[in-house]
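Chain by chain, the residues:
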Amino acid sequence: MAEIAIRGATKTYDGAVTAVDDIDLDVADGELLVLVGPSGCGKSTLLRMVAGLEEVTDGTIEIGGRDVTYLQPKDRDVAMVFQSYALYPHMTVRKNIGYPLRLARVPKDEQVRRVGEVASLLQLDEVLDRRPSQLSGGQRQRVAMGRALVREPQAFLMDEPLSNLDAKLRVEMRAEIARLQRDLGVTTLYVTHDQVEAMTMGTRVAVLDKGRLQQIDTPQRIYDEPVNLFVATFIGSPAMNLLPGRVDDDSGGPVAVLVGRQRLPVDDVLLAAHPSLPSLVGQPVVVGVRPEALDDAGLEPGVAGDRVVEATVDLVESLGAELMVHVAVDLGESAEPGAAPAVGVAEEVARGVSSDDASDAVWQGVLGRRGRVVARLSARSPLRPGDAVKLTVDPIGLHFFDPETGATLRVPQGSPE
């Protein structure tokens, strides 16, 4: 196996549309790195550039220390698993798996041995003489993987291989792929639009948007320390709640953040993570709150403390073990145009829209949703639509962002202040 080194990778179509924009990325030897992002973010294009299926406009790609930027796909020593499986319908499972070995003119006895080993590994022994039409979706997916494994390539490239499976089978297969990758130590670049899939499978996760690399880190670090508004709202289900706030020190007292008429004190731990807050007194910030950082104060009367948000319940979704409670937060005057920068302005600016135009667009399109918050609550909560509720806020789930740039105000762990 070998590492993959991508340097300044850029893909432009017709000299005008940039699908991949100057990406630097390393996949370590034996690592499973997941590329994740919304449709059209450039993740599949980048994967196809590594495979040699898309020409590189600029930059270089190395696999195992060898520059493969301009080599043909067959000369790169990589195997790709596609979304559609691409199995030969007239061939048996045995012949589908062994086909790459036939093309490479591998001796017959070696073909038999390697096909048998892969079939055993993927639990396909009993279906080797069946055709694809006689297999379930999960079995077809394993055959496609087997065809890649049998080649013993330097790296595997997987382009949304689970997207055609039903929800239950996807859960099973993502665990199986992760297990196989770990056991075999295969260098793997995996593309998905499903952030749950990315979080559960990847050794590291690279988040892309509009062809640009937004953040790359371990799944937990990306969840706990998103570097900007896009990553904060894309990673996590339900998404992080965003609210307009303003830094306040209450005439020299402890630092707090005002959200509408409600004051959220910033404790020492939170302040240490966001050391620039005291210098922003009187300035607007975007307040991010994870759904699990909210709790129903009514379940434990007397322990709510001073970090409470008052809201009205709009919708309650029961998932059995927990509730997803949608509430409307009273933002007071901060919901009026001009009182605080719009939550989505930074995201629009990042896409090349002018600050003024972005602000107008957000005020017109996002303002109506601004006070909407989702809380992940205990199934014991008796809340119903229309109820007034007080939600306690766990400071560990609070995040603060610059409303102009969208960048986090949090200092990365281990970084000097």
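Heads up: the structure comes first, above all this text.
Residues numbered from 1 in each chain as written. Predicted model: local features only at pLDDT ≥ 70, side-chain atom pairs only at ≥ 80, totals over all residues. Heavy atoms only, no water.

Peer 1: Sorry if this is basic, but what is going on with the layout of surface pockets here?
Peer 2: Space left empty within the atom packing is revealed by a probe, the size of a water molecule, rolled over the atoms. Reported here for the largest pocket is a volume of approximately 610 Å³. For the largest pocket, the lining is made up of 22 residues, of which Val78, Ala79, Met80, Pro100 and Arg151 are closest to its centre. Looking at the lining of the largest pocket, the elements that each hand over two or more residues are strand 6 (78-81), helix 2 (93-103) and helix 4 (137-149). Classifying every residue of the lining of the largest pocket by side-chain character gives 18 nonpolar, no polar and four charged. (1 Å grid on protein atoms, 1.4 Å probe; cavity = no way out; pocket = protein on both sides within 12 Å on 5 of 7 lines; lining within 4 Å. Points joined across faces, edges and corners; volume = space filled by probe spheres on them. Helix = DSSP H or I, 4+ residues; strand = E, 2+ residues; numbered from the N terminus. Nonpolar A, V, L, I, M, F, W, Y, C, P; charged D, E, K, R; others polar.)

Peer 1: Could you clarify how one ought to interpret the packing of aromatic side chains in this entry?
Peer 2: Here the distance between the centres and the angle between the planes together describe a pair of aromatic rings. Going through the model one piece at a time under the given rule, you end up with two aromatic pairs. Residue placement shows Arg290 over the ring face of Tyr223; its charged tip is 3.9 Å from the ring centre. (Phe/Tyr/Trp six-rings, centres within 6.5 Å; stacked < 30°, edge-to-face > 60°. Lys NZ or Arg CZ within 6 Å of the ring centre and 35° of its normal.)

Peer 1: Sorry, what's going on with empty space enclosed by the protein here?
Peer 2: The full count for this structure, using the stated rule, is two cavities of 30 Å³ or more. Looking at the largest cavity, its volume works out to about 80 Å³. Contributing to the lining of the largest cavity are Asn241, Leu243, Val259, Leu264, Val287, Val289, Leu294, Val309, Val329, Val373, Leu391 and Val393. Contributions of two or more residues to the lining of the largest cavity are made by strand 11 (241-248), strand 14 (284-289) and strand 19 (388-393). Its residues assigned to classes, the lining of the largest cavity shows eleven nonpolar, one polar and no charged. Counted as a void, the second largest cavity has a volume near 50 Å³. In terms of lining, the second largest cavity is formed by Met145, Leu149, Phe156, Met158, Leu180, Gln181, Leu184, Val186 and Thr188. If you list the elements that add at least two residues to the lining of the second largest cavity, you get helix 4, strand 7 (155-159) and helix 5 (167-184). A class-by-class count of the residues in the lining of the second largest cavity yields seven nonpolar, two polar and no charged.

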